[in-house]
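Observations on chain architecture
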Amino acid sequence: MANIQDKKVLTVQDISCFGQCSLTVALPIISACGIETAILPSAVLSTHTGGFTGWTFRDLTDDIPAIVDHWEKQKISFDAIYTGYLGSKRQIELVKDMFSRLSAPECLKVVDPAMADNGTLYYGFDEAFAHEMGTLCGKADIALPNITEAAMMTDMPYIGEGYDEAYIRKLMEKVLALGAKTVVLTGVSYNKNELGAAVLSRGDAEISYYFHERLDKGCHGTGDIFASAFVGALVKGKTPLEAARIAADFTLAGMKATRGDDTHWYGTKFEKALPLLVGELNK
Ligand code: PXL
């Protein structure tokens, strides 16, 4: 029987037409979780910017206010709003406005800063943008940075490998101090065999971790894949730690399906792992 209370998610990020990231990842993954998913594209690119050259970029900032006005007039609201790659500081302001105008009661606001990795900002971003993204994470129920993004938003040094738990704790506390209620830090590893996510909410005495095996090589787009599955699992009622475990296992399975295919350097074959994600959520 249909459940009239089914939840609706809005995700705001770019469409990289080719390359398996942002909306071409978020929409299929959250939909596969059985959740109605609306999209608001922040820009349209021919490909993502991580390894391609000569991509096209159409900024959609000017279309956003009218879309939000229309939805508000139609009394459309969302049980979760999940933001990823945003193209400008103005878009960050527009997302803050969406948080206040398009949220259903108890709307979960999930912010993935999606702007940097391995110590480096993605093409086109600067330090000022990173700080602005910090203010958006401050409005989030859950902020989902990787270590590079967390360090850039909080003016902590990025020290690559070889950090200890005290560093991770300080980084996470600083993200909470921005205003986020919970921080899920991705790409945490204290040894060469394991990689995972760390979860800390305001008032928690200890960090909770989920680790899985660490592969030799990363894949492009895994941050978006993790974040999308995390949102799907969260909206399905999982706790942040359970959602992080489900999302991490799904992402790892996608990476395993990708390794060995050198022609697939630009993305991750997450589609192959969707049955695993769906099975996990229906357990
Ligand atoms: O996966 C994050 C991402 C999203 N969107 C665009 C990107 C990237 C990372 O490179 O370039 C356009």
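Scroll up to find the structure this text is about.
Because the structure is predicted, anything quoted here is derived from the model rather than measured.

Parameters and conventions
- Residues numbered from 1 in each chain as written.
- Predicted model: local features only at pLDDT ≥ 70, side-chain atom pairs only at ≥ 80, totals over all residues.
- Heavy atoms only, no water.
- Helix = DSSP H or I, 4+ residues; strand = E, 2+ residues; numbered from the N terminus.
- Rg over C-alpha atoms; globule rule 2.2 N^0.38 Å.
- Buried < 20%, exposed > 50% of the residue type's maximum accessible area, 1.4 Å probe, protein only.
- Contact = heavy atoms within 4.5 Å.
- Areas by Shrake-Rupley, 256 points an atom, 1.4 Å probe, with all protein chains shown as cover.
- Lys, Arg positive; Asp, Glu negative; His and termini not counted.
- Charge placed at Lys NZ, Arg CZ, Asp CG, Glu CD.
- Pairing = 2+ DSSP bridges.
- Right-handed = clockwise from strand over helix to strand, strands pointing away.
- Salt bridge = Lys/Arg side-chain N within 4 Å of Asp/Glu carboxyl O.
- Near = heavy atom within 4 Å.
- Polar contact = N/O pair within 3.5 Å; in protein donor to acceptor, adjacent residues only side chain to side chain.
- Nonpolar A, V, L, I, M, F, W, Y, C, P; charged D, E, K, R; others polar.
- Arc of directions from axis to C-beta.
- Core = buried A, V, L, I, M, F, W, Y, C linked by side-chain atoms within 4.5 Å.
- Axes fitted to C-alpha atoms, helices over the stretch in contact; angles between N-to-C directions.
- Parallel < 35°, antiparallel > 145°, perpendicular 65-115°, else oblique.

**Some remarks on the overall build of the protein chain**
Broken down by element type, the protein chain carries 9 helices and 11 strands. Its C-alpha atoms give the protein chain a radius of gyration of 18 Å, near enough to 19 Å, the size a compact globule of 283 residues would have. Its C-alpha atoms give the protein chain principal-axis dimensions of about 50 × 45 × 40 Å. The proportion of buried residues among the 283 residues of the protein chain is 51%. In the protein chain, the share of contacts with a sequence separation of at least 24, taken over all contacts with a separation of at least 6, comes to 66%. Just so you have it, the protein chain exposes about 12,900 Å², and 52% of that area is on carbon and sulfur atoms. In the protein chain, which carries 27 positive and 36 negative side-chain charges, the distance between the mean positions of the two groups comes to 3 Å.

**With respect to the pairing of strand β2 (residues 36-47)**
Examined bridge by bridge, strand β1 (residues 8-18) and β2 share 9 bridges and lie parallel to one another. Along β2, the bridge assignment pairs F18 with T47. Crossover handedness for the path β1 to helix α1 (residues 23-32) to β2: right-handed. Across 3 bridges, the pairing between β2 and strand β3 (residues 57-59) is antiparallel. When the sheet's bridge partners are listed, V44 is paired in β3 with R58.

**Re the pattern of salt bridges**
Scanning the entire structure with this criterion turns up 12 salt bridges. Of the charged contacts in the structure, one is a salt bridge between D69 and R101, with a shortest N-O distance of 2.6 Å. One end of the pair, D69, is in helix α2 (residues 64-73); the other, R101, is in helix α3 (residues 89-101), and 32 residues separate them in sequence. In this structure D69 comes out as partly exposed when scored by relative accessible area, which is 34%. We classify R101 as partly exposed; its relative accessible area is 24%. If you follow the salt bridges from partner to partner, you end up with D69, E72, D97 and R101 in one network.

**Topic: the site of the ligand**
Around the ligand, the neighbouring residues are D14, S16, C21, S22, L45, H48, T49, G50, Y85, Y122, H220 and D224. Contacts to the ligand include D14, whose side-chain N or O atom sits 2.8 Å from a nitrogen atom. One of the side-chain N or O atoms of T49 is found 2.7 Å from an oxygen atom in the ligand. A total of 310 Å² of accessible area belongs to the ligand in isolation, and the protein chains cover 98% of it. Along the lines of polarity and charge, the residues of the shell around the ligand split into 4 nonpolar, 6 polar and 2 charged.

**Quick word on α2**
Those residues of α2 that fall on the buried side of the exposure criterion are I64, V68 and W71. Buried residues of α2, seen end-on, are gathered within an arc of 65° and therefore sit on one face of the element. Looking at α2, the residues exposed on the side facing more than 90 degrees away from the buried face are A66 and K73. Packed against the buried residues of α2 are β1, β2, β4 (78-83) and α3. Of the residues flanking the end of α2, it is K75, one or two places downstream, whose phi is positive at about 60°.

**Describing the nonpolar core**
L10, M98, M133, I168 and L185 are the most contacted members of the largest nonpolar core, which has 48 residues in total. For this core, the element with the most residues is helix α6 (residues 165-178), which contributes 6 residues. With near-sequence residues (within four places) excluded, L185 lies in contact with P145, N146, I147, A150, I168, L171, M172, G196, A197 and A198. Within the second largest apolar cluster, 36 residues are counted, among which are I29, A244, F250 and A273.

**Topic: the sheet that holds β2**
A sheet is described by the order of its strands in space; here 9 strands give the open sequence β3-β2-β1-β4-β5-β8-β9-β10-β11, paired in mixed fashion. At either end of the open sheet lies a strand with only one pairing partner, and these are β3 and β11 (208-213). As paired elements, β4 and strand β5 (residues 103-111) share 5 bridges and run parallel to each other. Looking at β5, one finds that Y82 is bridged to V110.

**Description of the packing of α3 against helix α4 (residues 127-137)**
Direction vectors running N to C along α3 and α4 enclose 5°, while the axes themselves pass 10 Å from each other. The orientation of α3 with respect to α4, classified from their angle, is roughly parallel. Seen from α3, the contacting residues are K89, I92, E93, V95, K96 and F99; seen from α4, they are A128, F129, E132, M133, T135 and L136. Looking at the contact of α3 with α4, its residues break down into 7 nonpolar, 1 polar and 4 charged.

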